[in-house]
Amino acid sequence: MSSPVPTPQGPAPFLTIHTAVVLLIAVVIGLVVGGLTFLSGGAVAAAVLAGLTTAGVSIPVLRTLIG
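Everything numeric in this text was worked out from a predicted model, so none of it was measured.

Chemist: Just checking my understanding: could you explain the overall build of the protein chain for this structure?
Modeler: A tally of helices and strands in the protein chain yields two helices and zero strands. Relative to the compact-globule value of 11 Å for 67 residues, the protein chain shows a C-alpha radius of gyration of 20 Å, a clear excess of over 25%. Evaluated residue by residue, the protein chain yields a buried proportion of 13% over its 67 residues. Of the roughly 5300 Å² of accessible surface on the protein chain, 77% is carried by carbon and sulfur atoms.

Written out as structure tokens, the structure is:
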């Protein structure tokens, strides 16, 4: 009997598909909230803060939902 030939494995990916999808969706959600905040008459700084906060808060939620 011959032993199975091991397949060569390259280095691990920098980001997994799961991480990339979660971060991409979080960025999109942050952009939408920031844009809506700006369009509702808020200052640019307030829109940026709203977008960053929303993106940051959505990451743990998305991580558990997309699994």
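Chemist: Before we go on, may I ask you to explain the environment of Gly 35 in this structure?
Modeler: Looking at where Gly 35 falls in the secondary structure, it is placed in helix 1 (residues 17–39). Looking at Gly 35, the relative accessible area reads 29%, which means it is partly exposed. Spatially, the C-alpha atoms of Gly 35 and Ala 50 are 9.3 Å apart, while their sequence positions differ by 15 residues.

Definitions and cut-offs
- Residues numbered from 1 in each chain as written.
- Predicted model: local features only at pLDDT ≥ 70, side-chain atom pairs only at ≥ 80, totals over all residues.
- Heavy atoms only, no water.
- Helix = DSSP H or I, 4+ residues; strand = E, 2+ residues; numbered from the N terminus.
- Rg over C-alpha atoms; globule rule 2.2 N^0.38 Å.
- Buried < 20%, exposed > 50% of the residue type's maximum accessible area, 1.4 Å probe, protein only.
- Areas by Shrake-Rupley, 256 points an atom, 1.4 Å probe, with all protein chains shown as cover.

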